Structures are given as structure tokens and as C-alpha cells.
Amino acid sequence: MIKPPKIFLYYVVIAIVFLGLSYLIPEEGVQIGNLQYRIKWLSLKKIVEPKDSVVAISPAINDSIDISTAMDMDSLSTDTLGVLVEEEDTTAVTVDEKSRIQYPASFKTLLARFYQEISTASDSGKVIRILHMGDSQIEGDRITRYLRESFQQEFKGSGPGLVPVYDPQKQFPSVWINNKGKWSEHTVYEYPRTIKGHEYGIMGKVATIDSACISSINISKSYIAEPGASNFFKSRLFLKRIQKPLMVTAHIGAQPISKDSLLVDEGLTEINWTFSSSPKQFSLDFESDISPVFLGMSLDSLAGVAVDNIAMRGQSTPRLDKTDTVLYRSMASYLNIGMVILQYGTNMVPTISDEYDFYRNTFLKQLRIIKKMMPDVPVLVIGVGDVGTIKEGEAVSYKHVYKIKEAQKEAAFKAGFAFFDLYEAMGGEGAMLLWVNGHPKLAMSDYTHFNKLGGKKVAHWIYDAIMCDYNNWKKTAIFKN
């Protein structure tokens, strides 16, 4: 049996050990493990003035939002509108002062128009579109699916948005697209470009039928889609250059619902269908001697917000200088675009340079093309995030990524557009290493691409930044009224 004096001595020893650790370990903790973890202990101050404290091992680079201040530019007046809203507004979204979208003061007018459009879209019976364009970082709806779901929950709307009619690589998990017959895919970024007049449209990707027999497109619901994307009530098919009469037969399941003959037309043609309930399967059969150019189809609700995923693998810009601007402008008008979100830069990282003025100028050229084709549409540039690589058997982050995102920021401001600093939101240099090796894992083992959880996190950052600004606009609009 252990006697009381020994028990007392045991507790005294334990107390001495705890006090010793509190004295030896500084309040900020001690770094361990390749600068990725920090061990902390109760400080003497916290023991004397006790609060809710715990012993913790935490990442040295915090994965929470901690963004550096916006770059000062003498020629620009930047403004970040988002402010804390009243405590009773339970739907309000607030973000850290340094994690808001940044933009020149002149950009407010474009944003106000967009906010007005999305806030009234459902009541006015309109679909307002947000184009999310980017490189392979957004491929597979990785980030867009969560942006779409958030916007549609807040402002109504449903459906996966704009999709290609031919998806051989199955890049759109929010809807299943299957084809019968022989089809070909053509993209604006492939060389040589095979489409006459560079008529690649909004998606930068079109399809043609190569077989002489009846060909078809079958659209079916995806079991892995977000809830809002699973249902659509209107489909719009966009075609270009109908050189021979085209017979189009539409089916819901096995039941034919319409049969239309489209006449020869070199211009942009739209054919659409409206449904009383969302179809589980919707298919189109085509008969023609010569294939038209299929520019894509939209799968939306009748009103609300649509968010489109337009991914261009391997590209550092949207390549708008290589597409027919007249067609692009026409499609933009047909689609009622409210905002463009551009997310490029990952493919510029392997190009190591002392400065990136060349990329800034190239990117700026693209932004100015967008401004010319869609002068009233606000553009939000998402800066490139941290990217890592394996060097001599060890994972390291590229040190020059900061310069690339700064080049993007300069281009955005010079074009009069907005910028969201994803690099700093992630935690800056070294953040990708934590995203790959952390728990939960947020990025793939290539130290470049986000995984599903990482994409969701990035989507929420972008959405919250936009909504913080929206909340401030809403307060101002109410005040003016």
C-alpha cells in the first residue's frame, strides 16, 4: 500500500516538473520538425493568472487566413469595402481585414451592378452567370462546384451551368455527359487550330460530329454532384456554322419531346428546352450531312445564379487573343454574364525568371480583351497559390511564386479589376507543404493541385471575400433607399 507521505511527494515532483517546463519553454513555444511544428507549454504568467489553456502541438505556419497588406501603387486608389455588419445580421459574412478582395475605387460601380443583379435575379426571373475560368487547378469542378453551391444557396438557382457537349476525359463530375457516334474535341489552346475562324466561343472548347450516322448527347444526373447542381429546368444548346439542315430530336428518358429542323445559318444559333421537373436523363439526337460547331450547352434553373466551370489545362492565360471576339461577345450577351473569376498562374511557375514583367503584360492584354468584349462585367483575378516541388529528395516551395502573383495583381489593377491574394491566404511560401502533409490533407502529392478538401477551402475563401463586400454594398444600398 502507498502511504500518504509518498503520494504527497509524488505530486510535489510532478508540480516541480510542470513548473520547470513552464520556466524553460518560452510562451511562443519551441520549433520542431523541419520548421513545421511548434511545441507550446503553460507559461508562468498563465499559471499565475489562469485562463482556459491547453498544452498543444501546432503547425508553425498557420493554415488560417493571415494575409499581408495590399501592395501600395502610387497611380491607383485601392479600396476594400467589406466591413463588419451589425451583430443581429446572422447571415452576414465577415473576413479578416487582409483577406478581402482588393480593387481600384473605379471598380465599385461594376461590383454594385453585379450585386444588384444577383440580389434580384430570382424575383426578376433571370439567370445571372458567373464564369469561373482557369487552368488545371479548377479542372474537374474542383473549386467551382463549391462556389456554385454557395451562390445558389444564397441567391437561388440550380444546375451545373455551362458544359461541353462532348467530354471524353470526364472532367465534369457535376453532370454525366455521354455521346454516341464519332465526335471530336477542339480547343483554342491546341496547335494547329482546326476550327475555321477560331470560333471557339466562351468555353474555348468546341465539338464536331465526325460520323455520318445519327449521333447523340446524353445528359444524366451525377450522384457525386452537389445538391444544387443535380437539378436543372432549362437547357440551351449553342451552335455555330450550320452548313446543312440539322435535325434535332430531344428525349426525356426514352420519351421524345420535340423534333426540330434547323436551317442553314453561318451565325450563332440557340435552341432551348424548358422542363416542368428536372429530368434524370435528357438526350439529343442529331442528323445532318455536315456537322455544325457545337459551342456548348447550359443546364440551369429558370432564375437565380449559374456558375460555370471553364478549365484550360496547361494554360497561363485564357488565350482570348486566339479566339473570334465577335462570336465571344455574342455568346456573352446571350448568356447574361454578371461576373468573371479568373484563376490562372500555376503553369507559369516552372518558368523561373528574375522578373515577370513579360507575364504581367501578357496577362494584362487578356484582361483588356475581356474588358472590351464585356465592358460592364466585373472581373476578379485569383492570384496563384503556393506551389512546391521535390528538390534533392526534399519538398520545397518555389520562392518565385510571390513574384508571379504580384505580376497578376499589377495587371488586375491596371485593367481596373479586382484581385484576391490566394498565395497569402494559404500562408505564403511553404504553405503547400503543409497542405500536402497536413491532417486533413488539402492538396495532392504533386505539391501543385488542391484536392477536394483543399478546393472546398479555397472556394469558401473566395466566396466569403465576395460576400463580405456584398454585405457592405447591401447596407449602403438600404441606407440610400
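The sections below set out a description of the structure shown in this document.

1. Let's talk about the nonpolar core
Okay, so step 1: Among the nonpolar cores identified, the biggest contains 128 residues, and Ile202, Leu237, Phe286 and Phe420 are the most heavily contacted of them.
Okay, so step 2: Top element by residues in this core is helix H10 (residues 452-480). It accounts for 10 residues.

2. Some details on the pairing of strand S18 (residues 304-311)
The two faces of the sheet receive side chains in turn, since in a regular strand these alternate between them.
Okay, so step 1: Counting buried positions over the eight residues of S18 gives eight, a clear majority of the element.
Okay, so step 2: In this structure, strand S6 (residues 127-134) lies alongside S18, joined through eight bridges in parallel fashion. Along S18, the bridge assignment pairs Ile128 with Val305.

3. Quick word on unusual backbone geometry
Residues apart from glycine generally show negative phi values, whereas peptide bonds are mostly found in trans.
Okay, so step 1: For the peptide bond that leads from Tyr191 to Pro192, omega is 0°, which places it in the cis range.
Okay, so step 2: Omega for the peptide link from His439 to Pro440 comes to 5°, which places this bond in the cis form.
Okay, so step 3: Relative to the helices and strands, Pro440 is located in the loop between helix H9 (431-437) and H10.
Okay, so step 4: With phi around 50°, Lys170 is a residue other than glycine that occupies positive phi space.
Okay, so step 5: With respect to the secondary-structure elements, Lys170 resides in the loop between strand S7 (161-163) and strand S8 (175-180).
Okay, so step 6: Among the residues examined, Lys170 registers a relative accessible area of 43% and is labelled partly exposed.
Okay, so step 7: Notably, Arg319 is not glycine yet its phi reads approximately 60°, a positive angle.
Okay, so step 8: Structurally, the position occupied by Arg319 is in the loop between S18 and helix H5 (325-335).

4. Considering the sheet that holds strand S14 (residues 255-262)
Okay, so step 1: Spatial ordering of the open sheet is given by S8-S11-S16-S13-S14, a layout of five strands whose pairing is antiparallel. Both outer strands of the open sheet, S8 and S14, are each paired with one neighbouring strand and no more. Taking the axes of each pair of neighbouring strands and ignoring which way they run, one obtains an average angle of 15° across the sheet.
Okay, so step 2: In terms of strand pairing, S8 meets strand S11 (residues 215-221) through six bridges, oriented antiparallel. If you follow Trp176 over to S11, its bridge partner there is Ser220.

5. Digging into the packing of aromatic side chains
Okay, so step 1: One pass over the full model with this rule turns up 23 aromatic pairs.
Okay, so step 2: Taken together, a centroid distance of 6.4 Å and an interplanar angle of 75° make the contact between Phe107 and Phe417 edge-to-face. Taken together, the residues Phe107 in the loop between strand S5 (103-104) and helix H3 (108-124) and Phe417 in the loop between helix H7 (401-414) and strand S23 (418-420) connect sequence positions 310 residues apart.
Okay, so step 3: Ring geometry for Trp183 and Phe286: centres 6.2 Å apart, planes at 75°, overall edge-to-face. Of this pair, Trp183 sits in strand S9 (residues 183-187) while Phe286 is found in strand S16 (residues 281-287), placing the two residues 103 residues apart along the sequence. Here Trp183 matches Phe286 in class, with each residue buried.
Okay, so step 4: Following the ring pairs from residue to residue traces out a cluster consisting of Phe114, Tyr115, Phe151, Phe155, Tyr463, Tyr470 and Trp473.

6. Let's talk about the pairing of strand S20 (residues 379-382)
Okay, so step 1: The side-chain alternation of S20 yields two buried faces, one formed by Val379 and Val381 and the other by Leu380 and Ile382.
Okay, so step 2: By the bridge criterion, three bridges tie strand S19 (residues 337-343) to S20 in an arrangement that is parallel. Looking across to S20, one finds that Ile341 is bridged to Leu380.
Okay, so step 3: Once you follow S19 into helix H6 (residues 357-373) and on to S20, the crossover reads as right-handed.
Okay, so step 4: The pairing of S20 with S23 spans three bridges and is classified as parallel. Bridging from a neighbouring strand, Val381 pairs with Phe419 of S23.

7. Digging into the pattern of salt bridges
Okay, so step 1: Applying the stated criterion across every chain yields a total of 16 salt bridges.
Okay, so step 2: Here Arg129 and Asp308 are joined by a salt bridge, their closest N and O atoms 2.8 Å apart. One end of the pair, Arg129, is in strand S6; the other, Asp308, is in strand S18, with 179 residues separating them in the sequence. Pair check on accessibility: Arg129 and Asp308 agree, each one buried.
Okay, so step 3: Ionic pairing is found between Glu429 and Lys399, a salt bridge with its closest N-O pair at 3.0 Å. With Glu429 in the loop between helix H8 (422-426) and H9 and Lys399 in the loop between strand S22 (394-397) and H7, this pair connects stretches of sequence that are 30 residues apart.
Okay, so step 4: By relative accessible area, which is 38% here, Glu429 ends up partly exposed.

Parameters at a glance
Residues numbered from 1 in each chain as written. Predicted model: local features only at pLDDT ≥ 70, side-chain atom pairs only at ≥ 80, totals over all residues. Heavy atoms only, no water. Core = buried A, V, L, I, M, F, W, Y, C linked by side-chain atoms within 4.5 Å. Buried < 20%, exposed > 50% of the residue type's maximum accessible area, 1.4 Å probe, protein only. Helix = DSSP H or I, 4+ residues; strand = E, 2+ residues; numbered from the N terminus. Pairing = 2+ DSSP bridges. Axes fitted to C-alpha atoms, helices over the stretch in contact; angles between N-to-C directions. Phe/Tyr/Trp six-rings, centres within 6.5 Å; stacked < 30°, edge-to-face > 60°. Right-handed = clockwise from strand over helix to strand, strands pointing away. Salt bridge = Lys/Arg side-chain N within 4 Å of Asp/Glu carboxyl O.

In short, geometric facts, not functional conclusions.
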